[in-house]
Amino acid sequence: MKLYIKYMVSLRCKMMVKEELKNLGLHHVMVDLGVVEILENISPEQRALLKRNLLKSGLHLLDDKRSIIIESIKNLIIEMIHYSEELPKLNYSDYISEKLGYDYTYLANIFSEVKGLTIQQFIIIHKIERAKELLIYDELTLTEIAYRLHYSSVAHLSNQFKKITGLTPTFYKQLKDKRKQNLEDI
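For the structure given in this document, a descriptive report is provided here. Just so it is clear, the model here is predicted, and its values are computed rather than measured.

## Structural notes on unusual backbone geometry
Phase 1: The backbone of Asp138 shows a phi angle near 60 degrees, a positive value even though the residue is not glycine.
Phase 2: Tracing the chain through its elements places Asp138 in the loop between helix H6 (119-137) and helix H7 (142-148).
Phase 3: One non-glycine residue, His150, lies in positive phi territory at about 65 degrees.

Dropping the structure here:
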């Protein structure tokens, strides 16, 4: 049986869910971002208890199909951009459609209707967040970051970065360096 959980976006969340399942005597086959597969059928009492315990930690057990689909899309994108070393070779629409087993147009319509932004906008926002992380780590050049995040050029990455953050990637990186210098002056 599969259960879908909203806001489950980190390893810490996965550990917390595993602990809650264990406390209820449920055995998991798989615990991944946003989805849990358990061996047993869950009773209404267990479901209510799990829902209440997860809510204490800011996680929501999902019930309706649309919410489940949207969370699946979000978790797939987050996992793809933030936790994978390599982004898929397919274009994003084909990748999402293939992974979730639905027509992309159907997924895109539900997502934009409920979230108020397109899947593509959601992907761009997360790619820029990932670029910010990589800039702060200072291990990759801007060219390497653009390549890793599948931008056609550094200019394309820079334009999107500025559109989302209001800053150029270079200026963003300099802000981090200036903060570090100010701390050293104290």
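## A short note on helix H2 (residues 44-56)
Phase 1: The end-to-end C-alpha distance of H2, which contains 13 residues, comes to 19 Å, matching closely the 18 Å that a straight helix rising 1.5 Å per residue would cover.
Phase 2: Turning to H2, the residues buried within the fold contact strand S1 (2-6), helix H1 (11-23) and strand S4 (60-61).
Phase 3: Phi turns positive one or two residues past the end of H2, at Gly58, with a value near 85 degrees.

## Section: the environment of Val154
Phase 1: The residue Val154 is located in helix H8 (residues 154-165) in this model.
Phase 2: For Val154, a relative accessible area of 28% corresponds to the partly exposed category.
Phase 3: Expressed as a C-alpha distance, the spacing of Val154 and Glu144, which sit 10 residues apart in the sequence, is 8.8 Å.

## Some words on the sheet that holds strand S3 (residues 35-38)
Phase 1: Strand order in this open sheet of 4 strands is S2-S3-S1-S4, and the pairing throughout is antiparallel. The strands lining the two open edges of the sheet, one partner per strand, are strand S2 (28-32) and S4.
Phase 2: Relative to S3, S2 is paired through 4 bridges, and the arrangement is antiparallel. Each residue of the ladder has a partner; that of Met30, found in S3, is Glu37.
Phase 3: Contacts from H1 reach S1, S2 and S3, with the element oriented near 155 degrees to S2.
Phase 4: In this fold helix H3 (residues 65-83) packs onto S1 and S2, with an angle of close to 75 degrees to the strand it touches most, S1.

## Re the nonpolar core
Phase 1: Among the nonpolar cores identified, the biggest contains 18 residues, and Ile73, Ile77, Ile96, Phe111, Ile119 and Ile123 are the most heavily contacted of them.
Phase 2: If you list the elements that add at least two residues to this core, you get H3, helix H4 (92-100), helix H5 (104-115) and H6.
Phase 3: Sorting elements by how many residues they give to this core places H3 first, with 7 residues.
Phase 4: Filtering out sequence-adjacent residues up to four positions away, Ile96 remains in contact with Leu76, Ile77, Tyr104, Leu107, Ile119 and Ile123.
Phase 5: Counting 17 residues, the second-largest nonpolar core is a separate cluster that includes Leu3, Met16, Val36 and Leu50.

## A short note on the pattern of salt bridges
Phase 1: Across all of its chains, the model carries 8 salt bridges by this definition.
Phase 2: Linking Asp63 and Lys51 is a salt bridge whose minimum nitrogen-to-oxygen distance equals 2.7 Å. Taken together, the residues span a long stretch of sequence, with Asp63 in the loop between S4 and H3 and Lys51 in helix H2 at a distance of 12 residues.
Phase 3: Residue class for Asp63 comes out partly exposed when judged on its relative accessible area of 46%.
Phase 4: Through salt bridges that share partners, Arg47, Lys51 and Asp63 make up one connected network.

## Section: the packing of aromatic side chains
Phase 1: Across all of its chains, the model carries 3 aromatic pairs by this definition.
Phase 2: Seen from their ring centres, Phe111 and Phe122 are 5.5 Å apart, and the 70 degrees between their planes marks the pair as edge-to-face. Of the two residues, Phe111 is situated in helix H5 and Phe122 in helix H6; the sequence distance between them amounts to 11 residues.
Phase 3: One cation-aromatic arrangement involves Lys127 over Tyr151; the distance from NZ or CZ to the ring centre is 4.1 Å.

Criteria and thresholds
Residues numbered from 1 in each chain as written. Predicted model: local features only at pLDDT ≥ 70, side-chain atom pairs only at ≥ 80, totals over all residues. Heavy atoms only, no water. Helix = DSSP H or I, 4+ residues; strand = E, 2+ residues; numbered from the N terminus. Expected span 1.5 Å × (residues − 1). Contact = heavy atoms within 4.5 Å. Buried < 20%, exposed > 50% of the residue type's maximum accessible area, 1.4 Å probe, protein only. Pairing = 2+ DSSP bridges. Axes fitted to C-alpha atoms, helices over the stretch in contact; angles between N-to-C directions. Core = buried A, V, L, I, M, F, W, Y, C linked by side-chain atoms within 4.5 Å. Salt bridge = Lys/Arg side-chain N within 4 Å of Asp/Glu carboxyl O. Phe/Tyr/Trp six-rings, centres within 6.5 Å; stacked < 30°, edge-to-face > 60°. Lys NZ or Arg CZ within 6 Å of the ring centre and 35° of its normal.

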